[in-house]
Structure formats: C-alpha cells, structure tokens
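Close look at the chain arrangement
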Amino acid sequence: MSTHDLEDMGCGTSSSTKDRKSEKALKAALVIQNWYRGYSARLKARQRYALTIFQSIEYADEQGQLQLSNFFSFMLENYTHIHEKDPELVARLFGSTLQDCKDRQEYVSCIDVPDSYNGPRLQFPLTFTDIDILVEAFKQQQILHARYVLEVLFETKKVLKHMPNFTHVKTSPSKEITICGDLHGKLDDLFLIFYKNGLPSGGNSYIFNGDFVDRGKHSIEILMILFVSFLVYPNDLHLNRGNHEDFMMNLRYGFTKEILHKYKMHGKKILQILEDVYTWLPIGTIIDNEILVIHGGISESTDLNLLHHIERNKMKSVLMPPIPLDGEDHDTDLKTKVGATIIPREVKTNGSLSEQLTKHEWEQVIDILWSDPRGKRGCYPNTSRGGGCYFGPDITSKVLNKYQLKMLIRSHECKPEGYEICHDGKVVTVFSASNYYEEGSNRGAYIKLCCDMTPRFFQYQVTRTTCSRPLYQRVNAIESSAIRILKERMISRKTDLIRAFQLQDRSKSGKLSMGQWAFSMENILGLNLPWRSLSSHLVTTDKNGNINYMSSFQDIHIQKPVKEAQSTLIETLYRYRSDLQIIFNVIDSDHSGLISMEEFRAMWKLFNSHYSIHIDDFQVDELAERMDLNKDGSIDFNEFLKAFYVVHKLDKLSKSDGNLP
C-alpha cells in the first residue's frame, strides 16, 4: 500500500496537523517577540528622553552656578568700600577660615557629649571597630554627635595636609583596588557597595573619586564613614576632590541645609571647618604609574607636572576665581583696585595669610574637576556645564602619551548603566549613585582592578521594595518627574516664551507649527532637547498638527506671595531664587537667615545690573517691604525665596480625587 493510500485513509493526518499547529505557534511567537521588542524599544526611548531632560537641566543649573563667579567679582568691584565695611565677607570669599591650634580647642573642648546621647561614640585614636560602629549606627538612622563630627574633621585635615596633590598607589595580583564614583549623599548606595565588596581595610583598598556630598539626604553620614575609614587606613582608602567638595556648591545643592538642619547648635562650626578640609583633599590618584583617576577630565593644556606642585589648599571654590591684579610682580606688595576699594593679594583673616592660585593654576584645577569626554575630536568649551571643557579622543591620547599613562578613570557624569567606556577604551566613567534623578533612572557601579588586568565592572541598583516594579511603571515615574521639572523651567520663562511665540505667530492665531514652537523653546530655554518628541507631554495640537502655544502653561503657575506683584517680577525671582539664596547666604556670615533691608536693596541693585534684568527697583523694594512681616527692617531671605513656588494643577486634581500625586 502506498503512502498516498495511507494518507487517504487518515493515517497521515495527525502529523500534518501537528506541523500546521507548530507553524502557527512559531508565527505567533515571532509576532509577540517583534511586538515586545518594539514595545521595549519605545520604553527605552522614553527613558532616554527623560534622562536627557534631567541631565540638560542639571547642567544648565551648574552653568548658572559657575556664572556666579563673575557676579562675585562684579560685587567686589561695586559693593562700595566692601573691605572696610565688611572684611569678614572678603575673608569668607578669599581667605582662610580657621587657625588650627586655637580653634581646635575652642571648637571641640567646649562641647560635651551628654549621658543621654544614645548615638555612636567614637574612641580616638580610631580603629576598625569605629568604622563598624558608625556604619551600623547610620543604618539605624542615628546622628553622630557634633563633638565627634568636629574631632573627625580636625583629624582628617591634619592628615590630609601631609598628603601630595596626587596619591600614588600600587596594586598586585593579590591586592586589587576598588574605584567608586559620585555618591552624592546616597548612603544606601555606599552600604550596598560595602555589602557586596566589603568594608575598607588593609587588604581591601578603595578610591572614592569625589562628589561625596550634595543632592542626597545623607551627605554628612557618607563623609563621616569615609573620613573615619581614611583615618584608620590612610594608605588604603584614598579620597579625591570633586566639584561638589566646595562650600559654594553646597549652598545651592543641599549639603549646607542638611548640616544646619541636623546640627542646629554647632552647624556653623562644622561648615567652617569643612570649607578648610575640602581644600586639602588630593585632586587625583595615579595607580601603578599607568592609570590616572580624577573627578572630571582633562584639556589640551592639562599640565600634570604643574598640578603636582600647586598649593591646592588655595582653591577655596570654583566660584572664586583669583582677584585680577595689576602687574605680574608677585614679590612686591601688590594691591588691586576694586572699584573704590583696595584689596591686597593676601587677605588677612584671623591672623593667618591665605594667598590665591594664579589664574592659570586655577584654570588647571577647574579643568580636572569639571571637564567631560566627547566623541568629537579637539578641545572646546563645555557649554552645557559652563566650566571646564569637552575633550575628544585625540586629546586623551595626547595627554596620556605625554605622561606615559594608559587610561583615565573619571566620574562626574551620571550614566544609565553606572559606567561607560569611550575613546577606544582609554577613558572610563564610573558613577556610583543609583537612582540619581529618580528611582529606576540609572544603575550604580564600581570598578575593581589590579596591575596588568582588565578593569572589572560591578553594577547594582538600590530598591525600596523586595520586588522591582515592572519596567513600564518605572519609565512612567521617571518620565513624569522629568516632564514636571521641565514644565517648571518653562513657567520660569513664561513671559519670554510668550514673546518668542508671538513673534513667530504673525497671523495672531495663537498657533505655531511644530518647527516654530520647537525653535522658540530651544532658543529661550537653552536646552538641547528632542522637543518634537516631547511636545505631546507639553502642549496640545489641532487636527492639522499646529500647536496651541498658550497650552504650554495651562496646568502650571507660580504662586504669588503677594497678589499685587507683577508676573514678570515673580518669574524673575523664581528663576534666580537659587542664585539669590547663595548670594544672601554668603553675606549672612553668622547664618542667622536674616538680611537687612539696606543690604537686600544694595545686593538686588548689583544683581539686577550684572544680570541685565529689566525690572524696576521699586517693585522689588515694595515686595520686600511686604515680606518684612514684623516691620523690624530685616527679612528672612530663605523664607522670602521659599514663597515663590510652582503649583501643578494636576497635583491638586489628583489630591482632590484621593489619589497619590
């Protein structure tokens, strides 16, 4: 009987049916697979756009922070008789803050640790036990007593003063070293690193590559763990200065506020000694004479020989450039005219002399703290951050070859995976603060390496729950947060944006094409973002794809502390509130939080002039008068600036519906 006859009798039906079912199942699986790939790609694109928003606004804020340096120079030139009138202000900006011997006694001996204190107690000289005690106490959210904080800071400064600008370390096949990037006050990330990799010890070396503080809520705890570990193992734990180890950066990005909140009585003393400790942190580490570890990057003019020999403690702040001098002869008793004021090159503060770096030295340090690598060849201004430079692969090769180095390891930039390799493997970025912008926004990482071995990368992500949320939920949360801060940036420039929209809208229709709207947004906000892709989150469009540009502001507004205040004034004060807060905090040397009306008016006039703000002084005067609630001639400037905040209408709706915002 033939096969054909068997099939006619039904004997072959079963196998052919199975084949058809298998084929259908395969096709269905391919359809599902393709759909899922497309879905995942769209989610990843949305996540990438959100991270781009976060990073663009972060860098724009840093650019504004660096521009403050110009204002302080301008202020010194125009704040009449500032040296005679307020020598402490000049000293705060350009002088040293402490005398080691007398102040140590004055600061620490008068502070008692009461019997009722139930936090961690440190025993000097410190041992590994103190590291363990501190870590466990901070896990229980205990606060270290101010006396111990000050003792640790003084001891740290004492040891740092004897260290070179660049720490040289050696590894071996049996002794690796771990390199961690930015932590930014995220204590849980440090705990996770220690859980996975072990506490610092003589056999477990670490390099922490700057930016220990700011942004996160536990900067002082991170500093205390790192400094205590450094004091116990000074040859095995290495600390590099980052651009946030800077008292002026701390004023904007939260660490100053954290200290004053946690240490209400002794916070001012802690901040003063911290300013000094920062200046003594080494600016880099060199591993096995082959690998350069610095916080930011390099430029075409980076001179490692010069950087090895500068007096790094003269670099108080990136926002404090050297006071320009008349002439170059530094051996003579040079003085600089600043408006009607004479400011000597050496500013005398509490009996000690503090000189400045030269402009060239200052720029060298700025470059290694602030620069970022890019794929484009050459060296050009870092327009995103406003400080340092962008350096290409040719610059990396040139500088590494010049100093017989093989690799540059740096931090300074958040990376989605916690690390990134570029410039043909010669530049590695490591970033250790996971969830930097928002929960789920990025992973953290650290590097382990030893001589003649390829670096090994370890990634992690701190989660608040035992089960991670699905990807789409994480992306929704990240995207929502990013759009929220972008809208706040838009409302702070509402008047300027409307003016730009109306210039494009020649027919007065209230509508613009997508291209016109995107051009206006980028031109006014100065943010290089994918505006077309983001438009669906920011504006409404008609059936022809034209944008109703006033819908940009329909669900958000700035709360007015005084109803009569003009919108332009409110927008301006909201936009510059961080800058103004820093300026007022610098003037407020006793941290009282109060500023006299006279000082307020004088500083506003200077600020108005320098930033070319077209607002009548009387408007600000009138607003300040209204904010002086008890009419004592002074205002609480922090409360004054807090009065300007953004209201999101969707928040109100969700709260009224009983939902979480």
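This text gives an overview of the structure that appears in the document. (Residues numbered from 1 in each chain as written. Predicted model: local features only at pLDDT ≥ 70, side-chain atom pairs only at ≥ 80, totals over all residues. Heavy atoms only, no water.)

**What about the overall build of the protein?**
- If you tally the helices and strands in the protein, you get 25 helices and 25 strands.
- With 661 residues in all, the protein has 52% of them scored as buried.
- In the protein, the share of contacts with a sequence separation of at least 24, taken over all contacts with a separation of at least 6, comes to 73%.
- Here the protein displays about 31000 Å² of accessible surface, and carbon together with sulfur accounts for 50% of that area. (Helix = DSSP H or I, 4+ residues; strand = E, 2+ residues; numbered from the N terminus. Buried < 20%, exposed > 50% of the residue type's maximum accessible area, 1.4 Å probe, protein only. Contact = heavy atoms within 4.5 Å. Areas by Shrake-Rupley, 256 points an atom, 1.4 Å probe, with all protein chains shown as cover.)

**Overview of the sheet that holds strand β2 (residues 177-180)**
- Ordered by their spatial adjacency, five strands build an open sheet running β4-β3-β2-β17-β18, and the pairing between neighbours is mixed. In the strand order of this sheet, the two ends are held by β4 (237-239) and β18 (456-460), each with one partner. Averaged over all pairs of adjacent strands, the angle between strand axes in this sheet comes to 20 degrees, irrespective of strand direction.
- Sheet topology places β2 next to strand β3 (residues 205-208); four bridges connect them, and they run parallel. Across the sheet, residue I177 finds its bridge partner in β3, namely S205.
- Packed on one face of the sheet, helix α9 (residues 219-232) meets β3 and β4 and runs near 125 degrees to β4. (Pairing = 2+ DSSP bridges. Axes fitted to C-alpha atoms, helices over the stretch in contact; angles between N-to-C directions.)

**Some remarks on the packing of helix α17 (residues 494-504) against helix α18 (residues 514-525)**
- Running from N to C, α17 and α18 cross one another at 145 degrees; their axes reach a closest spacing of 10 Å. Of the two elements, α17 crosses α18, and the hand of that crossing is right-handed. Every residue of α18 that contacts α17 at D496, L497, A500, F501 and Q504 is listed here: Q516, W517, F519, S520, M521, I524 and L525.
- Considered class by class, the residues forming the contact of α17 with α18 number eight nonpolar, three polar and one charged. (Left-handed = near helix turned anticlockwise from the far one by under 90°. Nonpolar A, V, L, I, M, F, W, Y, C, P; charged D, E, K, R; others polar.)

**Examining the environment of T279**
- Relative to the helices and strands, T279 resides in helix α12 (residues 267-280).
- It is 6.8 Å that separates the C-alpha atoms of T279 and K314, two residues lying 35 residues apart in sequence.
- With near-sequence residues (within four places) excluded, T279 lies in contact with R241, R312, N313, M315 and K316.
- Looking at T279, its side chain comes within polar contact range of the main-chain oxygen of D276, at 2.7 Å. (Polar contact = N/O pair within 3.5 Å; in protein donor to acceptor, adjacent residues only side chain to side chain.)

**Focus on the environment of V149**
- Checked against the element boundaries, V149 lands in helix α7 (residues 146-160).
- Look at V149 and you get buried, because its relative accessible area is 0%.
- A C-alpha to C-alpha distance of 9.7 Å links V149 and E221, two positions 72 residues apart in sequence.
- Dropping the residues within four chain positions of it, V149 is found in contact with L144, I220, M224, Y263 and I270.

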